[in-house]
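Okay, here's what each chain looks like letter by letter:
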2 protein chains.
Amino acid sequence: MESSAILPLSQLPYVYPATPNTNKAYPFWPCKRRTSQPTRLHCSKMFVPGFGEASPEAKAAKNLHNFFTYVAVKIVAAQLESYNPEAYEELMEFLSRHSLNDGDKFCASMFRESSRHKNLALRIMEVRSAYCKNDFEWDNLKRLALKMVTDSNTRLMKDYVLETSSAETEK
Amino acid sequence: MESSAILPLSQLPYVYPATPNTNKAYPFWPCKRRTSQPTRLHCSKMFVPGFGEASPEAKAAKNLHNFFTYVAVKIVAAQLESYNPEAYEELMEFLSRHSLNDGDKFCASMFRESSRHKNLALRIMEVRSAYCKNDFEWDNLKRLALKMVTDSNTRLMKDYVLETSSAETEK
């Protein structure tokens, strides 16, 4: 049993703003149409507006990058907890003072805290690199995400149909 | 030029809490060690604590799932803006009242708003399915994320060395 796992998964926020900015006339969306859309002419993909010079893949990769730092911190903490309680306490203390939202900023701050923290930061960086290259199951990620969208779409429609048909029956 | 893209990418929050919960004695991390760790015995992967019954891949897939809904809403809005301004306005108005944090919750609410909104929701669901199956570049995501971790690690170490060597020179 994984009774020790108290990670507040449900508290994790998501990758975009809670509500679009409504101060202006929908600045969340492009205000003007593109005058030229070269990608539309040369490929059959749907036009995704609003990512500027970046791409949805780059945005998703950036979020995964921060997620890998978060996972690496957890891995290192779990390792230290058993054989180096002192370093574990230092890591926990540092975590209580620094946000993990931006993985690189977190590592940069840790680097400059003390020489012991510098070694911890180097280890976290090494682990996040090894984790995303060797341990993270990329094929599984794709499989789970594709399954999730199919299952969710089916469930949403099923729930709606059940809800409306039971409402009809009650009339 | 993509001058119309005003998506506030920099404002997008990340996939984990800003700071670990410090009310208790590090509930962010497991308080007890596992008594049995079957996965450790049978594979060479690093032990990642704290994901309970789920996995890091499932957590990342859940976030991608919400990201796909967000992208689908953008695609549909961009399409509607040009040929159906009325539906576009309705979508924008709905967006101003409902959070996109939870994609499925957003679609479920839209389903129940009105029959016109129901059609919008069905379209968004269809687009997110098509987007993640056909358009999203999974290989590119992996490539970008692996490159990002290597580049970031190099830059972090380089910055630190430059900083400390220039501090040495000033002495």
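Above: the structure in question.
Treat the numbers as computed from the prediction; the structure is a model and nothing was measured.

## A word on the overall build of chain A
Looking only at helices and strands, chain A has six helices and zero strands in total. Looking at chain A as a whole, 47% of its 171 residues are labelled buried. Accessible surface, chain A as shown: approximately 8600 Å² in total, 53% of it carbon and sulfur.

## Focus on the environment of Leu-141 of chain A
Following the sequence through the fold, Leu-141 of chain A ends up in helix 6 (residues 138-170). When the C-alpha positions of Leu-141 of chain A and Lys-105 of chain A are compared, they lie 26 Å apart, and in sequence the two are 36 residues distant. Among residues more than four places away in sequence, those in contact with Leu-141 of chain A are Leu-64 and Phe-136 of chain A together with Glu-57, Ala-60, Ala-61, Leu-64, Trp-138 and Leu-141 of chain B.

## What about the packing of aromatic side chains?
Inspection of the entire model under this criterion finds 18 aromatic pairs over all chains. The interplanar angle of 40 degrees and the centroid separation of 4.8 Å between the aromatic rings of Phe-111 of chain A and Tyr-160 of chain B together place this pair among those described as tilted. Highlighted residues: Phe-111 of chain A in helix 4 (residues 103-111) and Tyr-160 of chain B in helix 6 (residues 138-170), drawn from two different chains. With relative accessibility at 18%, the residue Tyr-160 of chain B sits in the buried group.

## Describing helix 3 (residues 85-97) of chain A
Residues and elements named next belong to chain A. Here helix 3 is 13 residues long and its end C-alpha atoms lie 19 Å apart, about the 18 Å a rise of 1.5 Å per residue gives. Buried within helix 3 we find Ala-87, Tyr-88, Glu-90, Leu-91, Met-92, Phe-94 and Leu-95. Buried positions along helix 3 lie against helix 2 (56-83), helix 4 and helix 5 (115-135).

## As for the pattern of salt bridges
Throughout the structure, instances matching the rule amount to 16 salt bridges over all chains. Here Arg-128 of chain A ties to Asp-104 of chain A by a salt bridge, and the two come within 3.0 Å at their closest N and O atoms. Taken together, the positions of Arg-128 of chain A in helix 5 and Asp-104 of chain A in helix 4 put the pair 24 residues apart, joining distant regions of the chain. Since its relative accessible area comes to 0%, Arg-128 of chain A is described here as buried. The class for Asp-104 of chain A is buried, based on a relative accessible area of 7%. The partner of Arg-97 of chain B in a salt bridge is Glu-93 of chain B, with the nearest N and O atoms 2.7 Å apart. Remark: Glu-93 of chain B and Arg-97 of chain B occur in helix 3 (residues 85-97); sequence separation between them is four residues, near one turn of the helix. Exposure remark for Arg-97 of chain B: the relative accessible area of 42% places this residue in the partly exposed category. You can call Glu-93 of chain B partly exposed: its relative accessible area is 34%.

## Brief notes about helix 5 (residues 115-135) of chain B
The end-to-end C-alpha separation of helix 5 of chain B is 29 Å, in line with the 30 Å expected for 21 residues at 1.5 Å each. Looking at the packing, one finds that the buried side of helix 5 of chain B touches helix 2 and helix 6 of chain A together with helix 2 (56-83), helix 3, helix 4 (103-111) and helix 6 of chain B. For helix 5 of chain B, the side-chain oxygen to backbone nitrogen distance between the N-cap and Arg-116 of chain B is 3.4 Å, and the N-cap itself is Ser-114 of chain B.

## Concerning the packing of helix 4 of chain A against helix 6 of chain B
Remark: helix 4 of chain A packs on helix 6 of chain B, axes separated minimally by 10 Å, with the N-to-C direction vectors making an angle of 30 degrees. Regarding the angle of helix 4 of chain A to helix 6 of chain B, the classification is roughly parallel. In terms of crossing hand, the pair formed by helix 4 of chain A and helix 6 of chain B is right-handed. Contact residues: Asp-104, Cys-107, Ala-108 and Phe-111 of chain A in helix 4 of chain A; Ser-152, Arg-155, Leu-156, Met-157 and Tyr-160 of chain B in helix 6 of chain B. Per-class residue counts for the contact of helix 4 of chain A with helix 6 of chain B are six nonpolar, one polar and two charged.

## A look at the packing of helix 6 of chain A against helix 6 of chain B
Where helix 6 of chain A meets helix 6 of chain B, the closest approach of the two axes is 11 Å, and the angle between their N-to-C directions is 135 degrees. The angle between helix 6 of chain A and helix 6 of chain B places the two elements in the oblique class. Classified by chirality, the crossing of helix 6 of chain B by helix 6 of chain A is right-handed. Of the residues in helix 6 of chain B, those touching helix 6 of chain A at Trp-138, Leu-141, Lys-142, Ala-145 and Leu-146 of chain A are Trp-138, Leu-141, Lys-142, Ala-145 and Leu-146 of chain B. Class assignment for the residues of the contact of helix 6 of chain A with helix 6 of chain B results in eight nonpolar, no polar and two charged.

## With respect to the side chain of Asp-135 of chain B
The topology assignment puts Asp-135 of chain B in helix 5. With no salt bridge to any partner, buried Asp-135 of chain B finds its closest opposite charge in Lys-45 of chain A, at an N-O distance of 5.7 Å.

## Remarks on the state of the cysteines
Residues and elements named next belong to chain A. Under the defined criterion, the tally for this structure stands at zero disulfides over all chains. With no disulfide of its own, Cys-107 lies closest to Cys-132 among cysteine sulfurs, the gap being 13 Å. What makes Cys-107 buried here is its relative accessible area of 0%.

What counts, and where the lines are drawn
Residues numbered from 1 in each chain as written. Chains lettered and ligands numbered in written order. Predicted model: local features only at pLDDT ≥ 70, side-chain atom pairs only at ≥ 80, totals over all residues. Heavy atoms only, no water. Helix = DSSP H or I, 4+ residues; strand = E, 2+ residues; numbered from the N terminus. Buried < 20%, exposed > 50% of the residue type's maximum accessible area, 1.4 Å probe, protein only. Areas by Shrake-Rupley, 256 points an atom, 1.4 Å probe, with all protein chains shown as cover. Contact = heavy atoms within 4.5 Å. Phe/Tyr/Trp six-rings, centres within 6.5 Å; stacked < 30°, edge-to-face > 60°. Expected span 1.5 Å × (residues − 1). Salt bridge = Lys/Arg side-chain N within 4 Å of Asp/Glu carboxyl O. Polar contact = N/O pair within 3.5 Å; in protein donor to acceptor, adjacent residues only side chain to side chain. Axes fitted to C-alpha atoms, helices over the stretch in contact; angles between N-to-C directions. Parallel < 35°, antiparallel > 145°, perpendicular 65-115°, else oblique. Left-handed = near helix turned anticlockwise from the far one by under 90°. Nonpolar A, V, L, I, M, F, W, Y, C, P; charged D, E, K, R; others polar. Lys, Arg positive; Asp, Glu negative; His and termini not counted. Disulfide = S-S within 2.5 Å.

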